[in-house]
Amino acid sequence: MAMKTVFDVAVVGAGPAGLAAGLACAESGLRTIVIGPRSDPRDGRSAALMDGSLNLLKRLSVWDKAASAAAPLQGIRLIDATGGLVRAPEVLFEASEIGLGAFGYNIPNSALTAALEATSHPLLTRLIDPRATVSDLAGSEAVLSTSTSEVIRCRLIVAADGRESPARAAAGISTTNWSYPQAAVVATFAHTRPHRGISTELHQPMGPLTVVPAPGNTSNLVWVESPEEAQRLANLDDDSFGRELSAHIGDLLGAVSSLTPRRTFPLSGRTADVLGRSRVALVGEAAHVIPPIGAQGLNLGFRDAATIAELAGAARRAGTDIGGDEVLANYDRLRRRDIASRVFAVDVLNRSLLSSIPGVHLARGFGLFALATSRRLRARVMREGVMPGSDVPEFMRPLHRSGEIPAARA
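Residues numbered from 1 in each chain as written. Predicted model: local features only at pLDDT ≥ 70, side-chain atom pairs only at ≥ 80, totals over all residues. Heavy atoms only, no water.

Let's shift gears to the pattern of salt bridges. Per the stated rule, a full pass over the model turns up 19 salt bridges. The salt bridge involving Arg38 is made with Glu117; its shortest N-O contact spans 4.0 Å. Of this pair, Arg38 sits in the loop between strand E2 (32–36) and strand E3 (46–50) while Glu117 sits in helix H4 (residues 109–117), and the two are 79 residues apart along the sequence. Residues Arg270 and Glu164 are paired through a salt bridge, measuring 3.4 Å at the closest nitrogen-oxygen approach. Linking Arg270 in strand E17 (residues 263–272) with Glu164 in the loop between strand E11 (151–159) and helix H5 (166–170), this pair joins segments that are 106 residues apart in sequence. Exposure remark for Arg270: the relative accessible area of 17% places this residue in the buried category. A residue is classified by how much of its surface remains accessible, and Glu164, at 56% relative accessible area, is exposed. Each of Arg303, Asp304, Arg335, Asp338 and Arg342 takes part in salt bridges that share partners, so that together they form one network. (Salt bridge = Lys/Arg side-chain N within 4 Å of Asp/Glu carboxyl O. Helix = DSSP H or I, 4+ residues; strand = E, 2+ residues; numbered from the N terminus. Buried < 20%, exposed > 50% of the residue type's maximum accessible area, 1.4 Å probe, protein only.)

Another point: the confidence of the model for the chain. Model confidence for the chain is summarised by a mean pLDDT of 87, while 85% of its residues fall at 70 or above. Segment residues 401–410: pLDDT under 50, and 22 contacts once partners within four positions in sequence are set aside and those in other chains are kept. (pLDDT = per-residue confidence, 0-100. Contact = heavy atoms within 4.5 Å.)

The next subject is the pairing of E3. Counting buried residues along E3, 4 of its 5 residues qualify, which places the element largely inside the surrounding structure. Relative to strand E7 (residues 104–108), E3 runs antiparallel, the two being bridged by 5 bridges. By the bridge assignment, Ala47 is partnered in E7 with Ile107. (Pairing = 2+ DSSP bridges.)

Moving on: the pairing of strand E9 (residues 132–136). In this sheet, strand E10 (residues 142–146) lies alongside E9 in antiparallel orientation, the contact comprising 4 bridges. For Thr133, the partnering residue across the bridge sits in E10 and is Ser145. Here E9 hands over to E10 after 5 residues, the two strands then running antiparallel side by side.

By the secondary structure assignment, Asp40 is in the loop between E2 and E3. The class for Asp40 is partly exposed, based on a relative accessible area of 34%. Placed 73 residues apart in sequence, Asp40 and Thr113 show a C-alpha to C-alpha distance of 9.3 Å.

A few words on the side chain of Asp161. Here Asp161 shows up in the loop between E11 and H5. Of the buried charged residues, Asp161 lacks a salt bridge, with Arg168 as the closest side chain of opposite charge at 6.9 Å. Looking at Asp161, its side chain comes within polar contact range of the main-chain nitrogen of Ala167, at 3.0 Å. When sequence neighbours within four positions are dropped, the list of residues in contact with Asp161 reads Val12, Gly13, Pro166, Ala167 and Ala286. (Lys, Arg positive; Asp, Glu negative; His and termini not counted. Polar contact = N/O pair within 3.5 Å; in protein donor to acceptor, adjacent residues only side chain to side chain.)

The next point concerns the packing of aromatic side chains. Evaluated as defined, the whole model comprises 2 aromatic pairs. Ring centres of Trp63 and Tyr105 lie 5.4 Å apart, and the angle between their planes is 65 degrees; on these two criteria the pair is classed as edge-to-face. In this pair, Trp63 is assigned in helix H3 (residues 63–66) and Tyr105 in strand E7, connecting sequence segments 42 residues apart. On the basis of relative accessible area, Tyr105 is assigned to the partly exposed category, the value being 28%. Summarising the aromatic geometry, the rings of Trp223 and Phe241 are spaced 5.7 Å apart at their centres and angled 55 degrees between planes, so their arrangement reads as tilted. Of this pair, Trp223 sits in strand E15 (residues 218–225) while Phe241 sits in helix H7 (residues 238–249), and the two are 18 residues apart along the sequence. (Phe/Tyr/Trp six-rings, centres within 6.5 Å; stacked < 30°, edge-to-face > 60°.)

Within the largest apolar cluster, 87 residues are counted, with the highest numbers of intra-cluster contacts made by Leu49, Leu144, Leu156, Ile157 and Phe302. Ala183, Leu202, Ala230 and Leu259 belong to the second largest nonpolar core, which has 17 residues in total. (Core = buried A, V, L, I, M, F, W, Y, C linked by side-chain atoms within 4.5 Å.)

Okay, the sheet that holds strand E4 (residues 71–73) next. Backbone-to-backbone hydrogen bonds join strands into a sheet, with any given pair of strands oriented parallel or antiparallel. One open sheet accounts for 3 strands, arranged E3-E7-E4; its pairing is antiparallel. Of all strands in the sheet, those with a lone pairing partner are E3 and E4, marking the two edges. The mean angle between the axes of side-by-side strands here comes to 30 degrees, regardless of whether they run parallel or antiparallel. Across the sheet, helix H2 (residues 51–59) is in contact with E3 and E7; its angle to E3 comes to roughly 95 degrees. (Axes fitted to C-alpha atoms, helices over the stretch in contact; angles between N-to-C directions.)

Put simply, H2 and helix H8 (residues 297–318) touch, their axes get as near as 9 Å, and they point 45 degrees apart. One finds that H2 runs oblique with respect to H8. Handedness of the crossing formed by H2 with H8: left-handed. Across from Ser53, Leu56 and Leu57 in H2, the residues of H8 making contact are Asn299, Phe302 and Ala306. A per-class count over the contact of H2 with H8 returns 4 nonpolar, 2 polar and no charged. (Parallel < 35°, antiparallel > 145°, perpendicular 65-115°, else oblique. Left-handed = near helix turned anticlockwise from the far one by under 90°. Nonpolar A, V, L, I, M, F, W, Y, C, P; charged D, E, K, R; others polar.)

Right, let's talk about helix H6 (residues 227–235) for a bit. For H6, the full list of buried residues reads Ala230, Leu233 and Ala234. End-on, the buried residues of H6 take up no more than an arc of 100 degrees, which puts them together on one face. When the buried face of H6 is taken as reference, the exposed residues oriented beyond 90 degrees from it are Glu228 and Asn235. Contacts made by the buried residues of H6 are with strand E12 (175–191), E15, H7 and E17. (Arc of directions from axis to C-beta.)

Now the structure itself:
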């Protein structure tokens, strides 16, 4: 099809964050196109979506299509398995302590993306294309071209095109990058004992081993080790891998079986030095990359998506430039603190496990002891983990009545 209409928003990238951004922009009254390939149905990763992300999906009429594939997260257990001289106490965060039935839900990426793809909106166009190249950002419109040489014009580009983001590069936005001497092994497995909706994170010397509840007696695994050890684990046959996993988690979930194919991912971090410039706003991994610790990555990306949709929608209603400097500066201001605090917390936790300095482990142990013994402190940490305390997008607040449309912030 020949694209001759000027869109309000072009979302480049069609992963969960990009698809959510497209739907949120359309819901905000913006004529929107989402450009990207269909997702890989074999993606074995999962996402633990916190309460705010669920509210966003409910507002966008996505959650009903995805809920059957998800499992509630009713508790989060932290276990010190570092083998230090002083072992920190086990900490259990329970959603009921802060009046929630669940912190959120764990859902396979493939099921979440399928639900987002299946949700339509009259103001949303979906273009299946492997590539959209930014060709002009100098004027009052941005111009993109697709792999089939179609030309698309828009007033705002939402770059959701991943950690290497060509759209970010086209806007001249630099990044701060770092790496870790770690890799994650990802898989799904069955077990004989129920998980009871509790996610368990074992803090080991090379990083956390996390098992996250999935539907029925199954769980998703994110096992962080050195790159060499991660590759060794990934190369084991299923029986041998199951025995090694059982040796680490003990009788927590009973006998392990039915492993899915394992995948490994190197751990690294990246943040964009500014979140918007030259009609380009960054969301998801185009804006920030953090290790898969603490269920922060996609939840941050959804908050990005909700925030830029609200700001652009408000600008359109006010008759101002939705891709102009004021909107992009406001977006950077509203998202910067949330992203920085999450990146810092995950980085500190991860590096504290890798550190050989005894005082670091002692400090982490005291922190876990404080959490284990103080109900008030646990409640504060849980509320902040579910949703940041300030600048919460309206899209991510609870729906109070059927069909309520969020009011956008100026």
